[in-house]
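Residue strings, one per chain:
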Amino acid sequence: MKDAWQLAETHQNPVKTFQGHKDAINSIAMFPDGKAIATSGSVDKTIRIWRLADGGEMKKWVVRKKVGTLVILRDRKQVVSAEGDVIDDGDGNLYKAVYWQLWVRDAETGMVVAGPLDGHTNMVFALDISLDGGILASGSIDRTVILWDTKTWQRKGYPLQCGAPIACVQFSPTGQLGVATKDDIQIWDSDRRELLAQFNGHAEFDNAWNISLTWTLDGAHLLSAGGWQSLDWP
């Protein structure tokens, strides 16, 4: 027990700090080879690639709009980001009439290789890649999930209508898609576009949003985290 306590004490402070973003970091993703990470800062409109070994900034891509989230394809060759504007409707209400797009960039050069991918009509905070790497799921405040073919970057069928703003999407190891919305947690068969299960989740606790999801390795259980109950989003 003494050794375990000493080990915990040893790692209380950060091992390494990555400095460079000028504002809040919205998203972080690990490259599959474990040697680098990608981060996005919404307000500073940059995507940065960092070397894990020494914390050095390897690349900085300056984009034209705010970045909501990003994901790295399993082949390590491309980075997908959700970008757009946040509009004030004149009465101090944000998140109204917002148009967001997805962009696919080469991980080495930062060159755009696909996009803009159109379909969402509001902010996109949720992206995930299927286990086989063939499908990208994007979830938006516009209450829909769009599935994209990662070879052609065309939409696969019509959007999934989830009925509430979406904060997280997560593929299970068995191919099902978990969706966390403002009101509930949903599980979809993405191939048949069939809603398999629906739970109230954190909405039962002070009307909290369902924010984050992760599956157990066998795909038998879905874990969730909630909060944001003070936000009044559409």
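Refer to the structure printed above.
Owing to the predicted nature of the structure, the values given are computational and were not obtained by experimental measurement.

**Thoughts on unusual backbone geometry**
Following Gly115, the chain continues into Pro116 via a peptide bond in cis, with omega recorded as 5°. Looking at the secondary structure, you find Pro116 in strand E8 (residues 112-117). Positive phi, normally seen in glycine, also occurs at Arg143, with a value near 80°. For Arg143, the location among the structural elements is in the loop between strand E10 (135-140) and strand E11 (144-149). Even without glycine at this site, Arg193 takes up a positive phi of about 55°. Of note, Arg193 is situated in the loop between strand E15 (185-189) and strand E16 (194-199). Taking relative accessible area as the criterion, Arg193 reaches 17% and is therefore assigned buried.

**What to know about the pairing of strand E5 (residues 66-72)**
Most of E5 is tucked away: 6 of the 7 residues are buried. Pairing geometry for E5 and strand E6 (residues 78-84), over 6 bridges, is antiparallel. Across the sheet, Ile72 pairs through a bridge with Val79, a residue of E6. Hairpin connection from E5 to E6: 5 residues lie between these consecutive antiparallel strands, with Arg76 at a positive phi of about 70°.

**Some points on the side chain of Gln78**
Here Gln78 lies in strand E6. Under the relative-accessibility criterion, Gln78 is labelled buried at 17%. Excluding residues within four positions of it along the chain, Gln78 makes contact with Val71, Ile72, Leu73, Val104, Arg105, Ala107, Val113 and Trp153.

**Section: the environment of Phe18**
Along the polypeptide, Phe18 turns up in the loop between helix H1 (2-10) and strand E1 (25-30). When the C-alpha atoms of Phe18 and Thr39 are compared, they prove to be 9.9 Å apart, with 21 residues separating the residues in sequence. Once residues within four sequence positions are removed from consideration, Phe18 is found in contact with Ile37, Trp50, Arg51, Leu52 and Gly55.

**Some words on the nonpolar core**
Residues Val80, Leu102, Leu127, Leu136, Trp148 and Trp153 are the most contacted members of the largest nonpolar core, which totals 20 residues. Each residue touching Trp148, except ones within four places of it in the same chain, is listed here: Leu102, Leu117, Asp118, Gly134, Ile135, Leu136, Ser138, Trp153, Gln154, Arg155 and Lys156.

**Some details on the packing of aromatic side chains**
Within this structure, the stated rule accounts for 1 aromatic pair. Judged by centre distance (6.4 Å) and plane angle (75°), the rings of Trp100 and Phe125 are edge-to-face. Here the residue Trp100 occupies a position in strand E7 (residues 100-106), and Phe125 occupies one in strand E9 (residues 124-129), the gap between them amounting to 25 residues. A residue is classified by how much of its surface remains accessible, and Trp100, at 1% relative accessible area, is buried.

**Quick look at the sheet that holds strand E2 (residues 36-41)**
Taken in spatial order, the 4 strands line up as E1-E2-E3-E4 in an open sheet, and their pairing is antiparallel. Strands with a single pairing partner mark the edges of an open sheet, and in this sheet they are E1 and strand E4 (57-62). The sheet shows a mean angle of 15° between the axes of neighbouring strands, taken without regard to direction. Pairing of strand E3 (residues 46-51) with E4 involves 5 bridges; the strand directions are antiparallel. Across the sheet, residue Trp50 finds its bridge partner in E4, namely Glu57.

**Side note on the pairing of E3**
Residues in a regular strand point their side chains to alternate faces of the sheet. Counting buried residues along E3, 5 of its 6 residues qualify, which places the element largely inside the surrounding structure. Summarising the sheet, E2 and E3 pair through 6 bridges and their orientation is antiparallel. The residue bridging Thr39 from the neighbouring strand is Arg48, located in E3. Between the antiparallel neighbours E2 and E3 lie 4 residues, among them Lys45 with a positive phi of about 55°. Adjacent in sequence and paired antiparallel, E3 and E4 are bridged by 5 residues, among which Gly55 carries a positive phi angle near 80°.

The rules we used
- Residues numbered from 1 in each chain as written.
- Predicted model: local features only at pLDDT ≥ 70, side-chain atom pairs only at ≥ 80, totals over all residues.
- Heavy atoms only, no water.
- Helix = DSSP H or I, 4+ residues; strand = E, 2+ residues; numbered from the N terminus.
- Buried < 20%, exposed > 50% of the residue type's maximum accessible area, 1.4 Å probe, protein only.
- Pairing = 2+ DSSP bridges.
- Contact = heavy atoms within 4.5 Å.
- Core = buried A, V, L, I, M, F, W, Y, C linked by side-chain atoms within 4.5 Å.
- Phe/Tyr/Trp six-rings, centres within 6.5 Å; stacked < 30°, edge-to-face > 60°.
- Axes fitted to C-alpha atoms, helices over the stretch in contact; angles between N-to-C directions.

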